[in-house]
Amino acid sequence: MLRSLCVTLLALVVIGCAQQPAKDDSLYRDLGEKPGITRIVEGMLINVARDERIVHFFAKVDIAGLRDKLVDKFCVIAGGPCVYTGDSLEESHKGQNLSPSHFNALVENLQASMDSQGVPTPVQNRLLARLAALRGQIIEK
Ligand code: HEM
């Protein structure tokens, strides 16, 4: 009885694994997992603080809280095993009326941060492509 129960459970696990395609977390790993992503996000926020084109948007924001939300969001976007608990991108950028130039400015700050962390250009481009796909959820909301 116990033996057949074990066999059945094992079969269910095997079938379950076979049916779920393995998640591609290669970008997450190439970015240095959570510690690497944390360094990238912190570097980006430091660059934003010096960027007169966009720093005013962040004047009243809890930056440590934003850092944590951004790390989780980037982690999920990169295919990592994180849980993002923040608002949707539409919701969090609503009313800010962000333009394509504001979006590009933030991306430049992100690129500069990845450059200084030594992230290889092809890896940078994979993250930037995934962020570019989210542009419509962020600008002119
Ligand atoms: C792909 C690009 C972007 C991503 C992935 C992104 C992601 C996020 C996330 C995850 C949050 C936190 C939401 C929450 O607190 O629940 C956030 C908030 C915020 N973002 Fe973005 N963002 C992007 C572009 C931008 C740009 C271009 C600007 C301005 C130049 C901007 C300004 C802000 C500000 C000011 C907040 C704080 C809002 C608040 O706390 O009231 N974001 N963003």
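Scoring rules and cut-offs
- Residues numbered from 1 in each chain as written.
- Predicted model: local features only at pLDDT ≥ 70, side-chain atom pairs only at ≥ 80, totals over all residues.
- Heavy atoms only, no water.
- Salt bridge = Lys/Arg side-chain N within 4 Å of Asp/Glu carboxyl O.
- Buried < 20%, exposed > 50% of the residue type's maximum accessible area, 1.4 Å probe, protein only.
- UniProt positions renumbered as here; feature names shortened; annotations may be inferred.
- Helix = DSSP H or I, 4+ residues; strand = E, 2+ residues; numbered from the N terminus.
- Contact = heavy atoms within 4.5 Å.
- Core = buried A, V, L, I, M, F, W, Y, C linked by side-chain atoms within 4.5 Å.

(A) Just the pattern of salt bridges, in detail. Following the criterion strictly, the structure yields 8 salt bridges and no others. Among the ionic pairs, R29 bridges to D25, the shortest N-O distance being 3.0 Å. Residue D25 is classed as partly exposed on the basis of its relative accessible area, which comes to 25%. Each of the salt bridges in this network shares a partner with another, and the network as a whole consists of E42, R67 and D68.

(B) Quick look at the UniProt feature "binding site: heme" (unreviewed entry) in the protein. Under the UniProt annotation, "binding site: heme" (unreviewed entry) lies at H93. For H93, the position within the fold is in helix α5 (residues 89-93). On the basis of relative accessibility, which here comes to 19%, the residue H93 falls in the buried class. Excluding its chain neighbours within four sequence positions, the residues that come into contact with H93 are L98, I138 and K141.

(C) Highlighting unusual backbone geometry. In the Ramachandran plot, E33 falls in the positive-phi region, its phi being about 55° despite a non-glycine side chain. By secondary structure assignment, the location of E33 is in helix α3 (residues 33-49). With phi around 50°, N97 is a residue other than glycine that occupies positive phi space. Following the sequence through the fold, N97 ends up in the loop between α5 and α6 (100-116).

(D) How the structure looks around the nonpolar core. Of all hydrophobic cores here, the largest spans 32 residues; its most connected members are L31, I37, F74, L110, M114 and L127. Counting only elements with at least two residues in this core, the list comes to α2 (26-30), α3, α4 (63-77), α6 and α7 (121-132). In terms of residue count, α3 provides more of this core than any other element does, 6 residues in total. When neighbours within four sequence positions are excluded, L110 is seen to be in contact with I40, M44, F74, L127, L128 and L131.

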